[in-house]
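Spelled out from the first residue to the last, the chains are:
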Amino acid sequence: MTVDGEPQSVLWQDGCIVAVDQVALPHHERRIRITRVDQLIATVSRLAIRGAPSLAAAGALGVLLSAHSRRTPFDAAGIRADAGRLAAARPTAVNLRWAVDRMLAVLDGGYPALEREADAILGEIVTANAALASATADFVCAATARHRLRVLTHCNTGWLATLRIGTALGAVLRLHERGRLERVYCTETRPLLQGARLTCWELDRAEVPHALLVDSAAAAVMARGAIDCVIVGADRIAANRDTANKVGTLALAIAARHHGIPFVVAAPTSTIDEATPSGAGIPIEHRYAEEVTHFGLELTAPRRTEVENPAFDVTPGELVSAVITEHGVYRPGG
Ligand SMILES: CSC[C@H]1O[C@H](OP(=O)(O)O)[C@H](O)[C@@H]1O
């Protein structure tokens, strides 16, 4: 699935949504053809479409998909109901609701207005990510002394997660293109292994030197002086820069601060939620216990074992060296 010669994670094709099945990767490159909103909600819920900017694209195209089936006669109430269920599918990434709200704001304009808005939203996502990837690479080059950098990143923030151009991983690719990258360390990212399955797959295809780490090895790699900078994405950034991102991010931020390593968040402004004053107000998605207790085989024996499976954690803004958006360094309040 390519647009303008570049791979794209989600797109509109002949009245339906077509998406890369991220659950099937890295061993199977499959597409999913989505014709109904309920099917899209199920696809988002099982993380076959995932990543905050890709969720925004799914939100915009999901409202368009609802309108496509409800356009004669135009059923605005039915579209709103579909949009509400879609926006609630994954509550932490603000980008999903941002895109849905953008679409609902032009609902009165009918199907043509929704088509134009969906096209505008997807274009803005790509443009914003291209700018922030370069801005993040610029910031990291200025903030670190070493010429060829050793970067650590978490989860997956490449084109799979971000529609076409990566955020944190987009910055890594820019560093590589500039000859400023020695190696990128990717944490596996338990329990769904977005790092091991998706980031390594993207970096291998891009021929970028990388190494896979179990999540719990990251602090020790920092301790031996092997990391010059940590660059991660985000799912929601509160007004005080508290940042919700894949679970495990907080531990990396604490370890980076302890070792004096810059900790940089790369995210478009659509990830910033200034209506939420601090991380305490960010809804954290809790997912199924089986994601922790099983990976093919059952990992635990006792039947009385309880499981906590938060999909995200919140890093306090004071542990974040900088938030870089398409407009450069984000400073709350401008
Ligand atoms: C640039 S993608 C942002 C964000 O989304 C991922 O979460 P998930 O895999 O659950 O969709 C992860 O937190 C990334 O950093």
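What you are looking at is a predicted structure, and each value in this text was computed from that prediction instead of being measured. (Residues numbered from 1 in each chain as written. Predicted model: local features only at pLDDT ≥ 70, side-chain atom pairs only at ≥ 80, totals over all residues. Heavy atoms only, no water.)

Give a description of the packing of helix α3 (residues 76-87) against helix α4 (residues 94-104) that names residues and reports values.
Viewed as axis vectors pointing N to C, α3 and α4 meet at an angle of 165°, and their least axial separation amounts to 9 Å. One finds that α3 runs roughly antiparallel with respect to α4. Every pair of crossing elements has a handedness; the one defined by α3 and α4 is left-handed. Between α3 and α4, the residues in contact are R80, A83, L86 and A87 and L96, R97, V100 and L104, respectively. Looking at the contact of α3 with α4, its residues break down into six nonpolar, no polar and two charged. (Axes fitted to C-alpha atoms, helices over the stretch in contact; angles between N-to-C directions. Helix = DSSP H or I, 4+ residues; strand = E, 2+ residues; numbered from the N terminus. Parallel < 35°, antiparallel > 145°, perpendicular 65-115°, else oblique. Left-handed = near helix turned anticlockwise from the far one by under 90°. Contact = heavy atoms within 4.5 Å. Nonpolar A, V, L, I, M, F, W, Y, C, P; charged D, E, K, R; others polar.)

Which residues make up the domain arrangement of the protein chain, and what values do they have?
Its domain assignment divides the protein chain into domain 1 (2-125) and domain 2 (145-329). The C-alpha centroid of domain 2 is placed 24 Å from the C-alpha centroid of domain 1. Contacts between domain 1 and domain 2 engage 31 residues on the former and 32 residues on the latter. Of the roughly 2,600 Å² buried between domain 1 and domain 2, counting both surfaces, carbon and sulfur atoms make up 55%. The three residues of domain 1 that bury the most area against domain 2 are R50, T92 and V94, which together make up 24% of that side's buried surface. In this structure, the connection of domain 1 to domain 2 is made through three salt bridges. (Domains from an automatic or database assignment. Buried area = accessible area lost by both parts, 1.4 Å probe. Salt bridge = Lys/Arg side-chain N within 4 Å of Asp/Glu carboxyl O.)

Talk me through the nonpolar core; I want residue IDs and the actual numbers.
With 43 residues, the main nonpolar core has V10, L40, I49, V100 and M103 as its most contacted residues. Of all the secondary-structure elements, those providing two or more residues to this core are β4 (16-20), β5 (31-34), α1 (37-45), α2 (52-69), α3, α4 and α5 (110-143). Leaving out residues up to four positions away in the same chain, V10 has contacts with M1, I17, V18, A19, I49, S54, A57, L61, L122 and L163. In terms of nonpolar packing, the next biggest core, distinct from the first, is built from 26 residues, M222, L252, I272 and L319 among them. (Core = buried A, V, L, I, M, F, W, Y, C linked by side-chain atoms within 4.5 Å. Buried < 20%, exposed > 50% of the residue type's maximum accessible area, 1.4 Å probe, protein only.)

Go over the pairing of strand β12 (residues 263-266) with me, naming the residues and quoting the values.
Residues F263 and V265 of β12 are buried on one face, and the alternating residues V264 and A266, pointing to the opposite face, are buried as well. Sheet analysis places strand β9 (residues 229-232) next to β12, joined by three bridges and oriented parallel. Its bridge partner being in β12, I231 is matched across the sheet by V264. Of the pairings in the sheet, the one linking β12 to strand β17 (residues 322-325) comprises three bridges and is parallel in character. Counterpart to V264 in the pairing with β17 is A322. (Pairing = 2+ DSSP bridges.)

Help me get a handle on the UniProt feature "site: Transition state stabilizer" (unreviewed entry) in the protein chain, residues and values and all.
UniProt records the feature "site: Transition state stabilizer" (unreviewed entry) at C155, using the numbering of this structure. With respect to the helices, strands and loops of the structure, C155 is situated in the loop between β6 (149-153) and α6 (159-162). Not counting the four nearest positions on each side in its chain, C155 is found in contact with R50, T187, T189, Q194, G195, T199 and K246. (UniProt positions renumbered as here; feature names shortened; annotations may be inferred.)

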